[in-house]
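So the chains spell out like this:
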Amino acid sequence: MCYAIPGKVVEISNKIVTIEYFNEKKKARNDFFELLPNDYVFAQGGFVIQKVPEKEAISIIQTWKDLFFRLQEKDQILTLKKDNIYELANSIRKEHLGNSCCVHGIIEFSNYCIRNCLYCGLRKDNNKIKRYRMSLEQIIKLSEYASNVLGFKAIVLQSGEDLWYTDEKLLKLVEEIHKKCSIFLILSIGERDINLFKKLYKAGARGILLRFETGNENLYSNLKEGQELKKRINLLRELREIGYLIFTGFLIGLPNQTFEDIISDIHLTNKLGAEMFSFGPFIPHPETPLKYIPRPSLKLILTVIAKARILYPESKILVTTALETLDKKNGAYLGLKSGANSLMINITPQKYRKMYEIYPQRADVELSAKNKINKVINLLQSLGRAPIDLGLNLKQKA
Ligand code: SAH
Ligand code: SF4
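Residues numbered from 1 in each chain as written. Chains lettered and ligands numbered in written order. Predicted model: local features only at pLDDT ≥ 70, side-chain atom pairs only at ≥ 80, totals over all residues. Heavy atoms only, no water.

**Some points on the site of ligand 2**
So, step 1. The local shell around ligand 2 consists of Cys113, Arg115, Cys117, Tyr119, Cys120, Leu122, Arg123 and Gly160.
So, step 2. Of the residues belonging to the shell around ligand 2, the class tally is five nonpolar, one polar and two charged. (Near = heavy atom within 4 Å. Nonpolar A, V, L, I, M, F, W, Y, C, P; charged D, E, K, R; others polar.)

Written as structure tokens, this is what we have:
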């Protein structure tokens, strides 16, 4: 976001470039720019999203320099202790990925959904919810604002599975945003035809956020109206083959889910080649069949984050809004201290945000994007984290 530091290209090997930030080197994929060594770029999520004129880049780097080293020192001090698995995970995060932290924006553009997932407040049988759809123009304008005014470098466009957005509309949306904004564009629109995803890739989308929800086949088909887990997993594999960076993961605290299920879900996330691990607590919604299921404990979620970090030291792990909702005061802070290193900021217009009720009482639903940005900046600085790209995870398994 506005809080981002450019880096200098020091090596180019086909589409993979090595970028230097102060004393650290990170890899990123470059699909869109003609680059030469010594060029300056912004990268986000392991992706080069903007070439920056040298003068401008050097001036931003100068303003950051002192603060960056102070943050690094703070992170160093905060990760000295390894007395429990949370501290151990946090120190592994620092060893492998330094104090970088990715911050993505999310726009929730429609809460209509043709599906009936038992856990979700947007399920089609919930007729208590007020539905909304943003027009293409609204979404494009908001993306431009997020990118060009607020300074976000990565944006997730999320919705229920809403077929009002036809293939043509989605294509137009991605083309326009790609033309007008320098951002890493990530789509989270559920399951659509693979040919559409191919076209959206060509139009400029480069990330897909699609959780497999649970790797337990029975649980999956019970929770998703008889659908097959295999289909979702195949789609994720095909999307990766197209070239998309995959953000995936699972829900924690589902009825009849065991701790063994959760551990094997961590492994499955890695096996799917997730560029970003996205897992979080299931939070019951009063208008769904799962309304009486208790929320999972904060300790369980933090333990899963720590386990994922220890098992896969190079991974990028997201603090989800659901974790922030589980503990509104400290959820994000504790997640980042247990091995996580990425955050999302909701930039959906406030009137719609309240209606995007996947689960109730979501964290910071009333907070403006600008205020949330400030809150996140303060949080990251208190933890010694810097807005340097986390780099591409080239150690991912195929
Ligand atoms: N329709 C798309 C994207 C929107 S839903 C899809 O399903 O992929 C985004 C995510 O919200 C889902 O992947 C699910 O993991 C999460 N979600 C749904 N209901 C939830 C609940 N009650 N608590 C926590 N997360 C929930
Ligand atoms: Fe629809 Fe996604 Fe919610 Fe399922 S989880 S009901 S697909 S919005």
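**Focus on the sheet that holds strand S8 (residues 184-188)**
So, step 1. What the eight strands build is an open sheet, ordered S12-S10-S9-S8-S7-S6-S15-S14; its pairing is parallel. Strands at the two margins of the open sheet, each flanked by one partner only, are strand S12 (276-277) and strand S14 (318-319).
So, step 2. In this fold helix H13 (residues 369-382) packs onto strand S6 (102-110) and strand S15 (342-346), with an angle of close to 160° to the strand it touches most, S15. (Pairing = 2+ DSSP bridges. Helix = DSSP H or I, 4+ residues; strand = E, 2+ residues; numbered from the N terminus. Contact = heavy atoms within 4.5 Å. Axes fitted to C-alpha atoms, helices over the stretch in contact; angles between N-to-C directions.)

**Thoughts on the packing of aromatic side chains**
So, step 1. Counted according to the given criterion, the structure contains 14 aromatic pairs.
So, step 2. Here Phe22 and Phe69 contribute two aromatic rings whose centre-to-centre distance is 5.6 Å and whose plane-to-plane angle is 70°, an arrangement assigned as edge-to-face. Separated by 47 residues along the polypeptide, Phe22 in the loop between strand S2 (16-21) and strand S3 (24-29) and Phe69 in helix H1 (residues 54-78) bring together distant segments of the chain.
So, step 3. Here the aromatic rings of Phe250 and Phe279 are separated by 5.0 Å at their centres, their planes lie at 15°, and the arrangement is stacked. (Phe/Tyr/Trp six-rings, centres within 6.5 Å; stacked < 30°, edge-to-face > 60°.)

**Brief notes about the site of ligand 1**
So, step 1. As a structural note, the neighbourhood of ligand 1 is formed by 18 residues, with Tyr119, Arg211, Glu213, Ile283 and Ile358 the closest of them.
So, step 2. Interatomic distance of 2.6 Å between a side-chain N/O atom of Glu213 and an oxygen atom of ligand 1.
So, step 3. In the environment of ligand 1, an oxygen atom lies 3.1 Å from a nitrogen or oxygen atom belonging to the side chain of Arg232.
So, step 4. The protein chains hide 92% of the 550 Å² of surface that ligand 1 would expose on its own.
So, step 5. Looking at the shell around ligand 1 residue by residue, the class counts come to ten nonpolar, five polar and three charged. (Polar contact = N/O pair within 3.5 Å; in protein donor to acceptor, adjacent residues only side chain to side chain. Areas by Shrake-Rupley, 256 points an atom, 1.4 Å probe, with all protein chains shown as cover.)

**Overview of the domain arrangement of the protein**
So, step 1. Looking at the protein, the domain boundaries give domain 1 (7-73) and domain 2 (96-397).
So, step 2. The centre of domain 1, based on its C-alpha atoms, is set 26 Å off from the matching centre of domain 2.
So, step 3. Interface of domain 1 and domain 2: buried area, both sides summed, is about 2200 Å²; carbon and sulfur atoms make up 63% of it.
So, step 4. The salt bridge involving Asp31 is made with Arg206; its shortest N-O contact spans 2.7 Å.
So, step 5. The tally of links from domain 1 across to domain 2 stands at eight residue pairs in polar contact (both at pLDDT 80 or more).
So, step 6. Every element with two or more residues in the side of domain 1 that touches domain 2 is listed here: S2, S3, strand S4 (40-44), strand S5 (47-52) and H1.
So, step 7. Split into classes, the residues belonging to the side of domain 1 that touches domain 2 amount to 13 nonpolar, five polar and five charged. (Domains from an automatic or database assignment. Buried area = accessible area lost by both parts, 1.4 Å probe. Salt bridge = Lys/Arg side-chain N within 4 Å of Asp/Glu carboxyl O.)

**Points about unusual backbone geometry**
So, step 1. Positive phi is not limited to glycine here, since Glu213 has a value of about 70°.
So, step 2. As for its placement among the helices and strands, Glu213 is situated in the loop between strand S9 (207-209) and helix H6 (217-223).
So, step 3. You can call Glu213 buried: its relative accessible area is 10%.
So, step 4. In the Ramachandran plot, Asp364 falls in the positive-phi region, its phi being about 55° despite a non-glycine side chain.
So, step 5. Within the fold, Asp364 resides in the loop between helix H12 (350-353) and H13.
So, step 6. The exposure class of Asp364 is partly exposed, given its relative accessible area of 22%. (Buried < 20%, exposed > 50% of the residue type's maximum accessible area, 1.4 Å probe, protein only.)

**Considerations on helix H3 (residues 136-149)**
So, step 1. An ideal rise of 1.5 Å per residue puts 20 Å on 14 residues; H3 measures up with 19 Å between its terminal C-alpha atoms.
So, step 2. Within H3 the residues assigned to the buried category are Leu136, Ile139, Ile140, Leu142, Ser143, Ala146 and Ser147. Viewed along the axis of H3, the buried residues span an arc of 165°, placing them on a single side of the element. Residues Lys141 and Val149 are exposed on H3 and point more than 90 degrees away from its buried face.
So, step 3. The inward-facing, buried residues of H3 contact S6, strand S7 (154-159) and helix H4 (167-180).
So, step 4. At the C-terminal side of H3, Gly151 shows a positive phi close to 85°. (Expected span 1.5 Å × (residues − 1). Arc of directions from axis to C-beta.)

**Some details on the side chain of His285**
So, step 1. Inspection of the secondary structure puts His285 in the loop between strand S13 (280-281) and helix H9 (298-311).
So, step 2. When sequence neighbours within four positions are dropped, the list of residues in contact with His285 reads Gly121, Asn126, Lys291, Glu357, Ile358, Tyr359 and Pro360.

**Brief notes about the state of the cysteines**
So, step 1. Across all of its chains, the model carries zero disulfides by this definition.
So, step 2. Lacking any disulfide linkage, Cys101 is separated from the closest cysteine sulfur, that of Cys102, by 7.0 Å.
So, step 3. On the basis of relative accessibility, which here comes to 3%, the residue Cys101 falls in the buried class. (Disulfide = S-S within 2.5 Å.)

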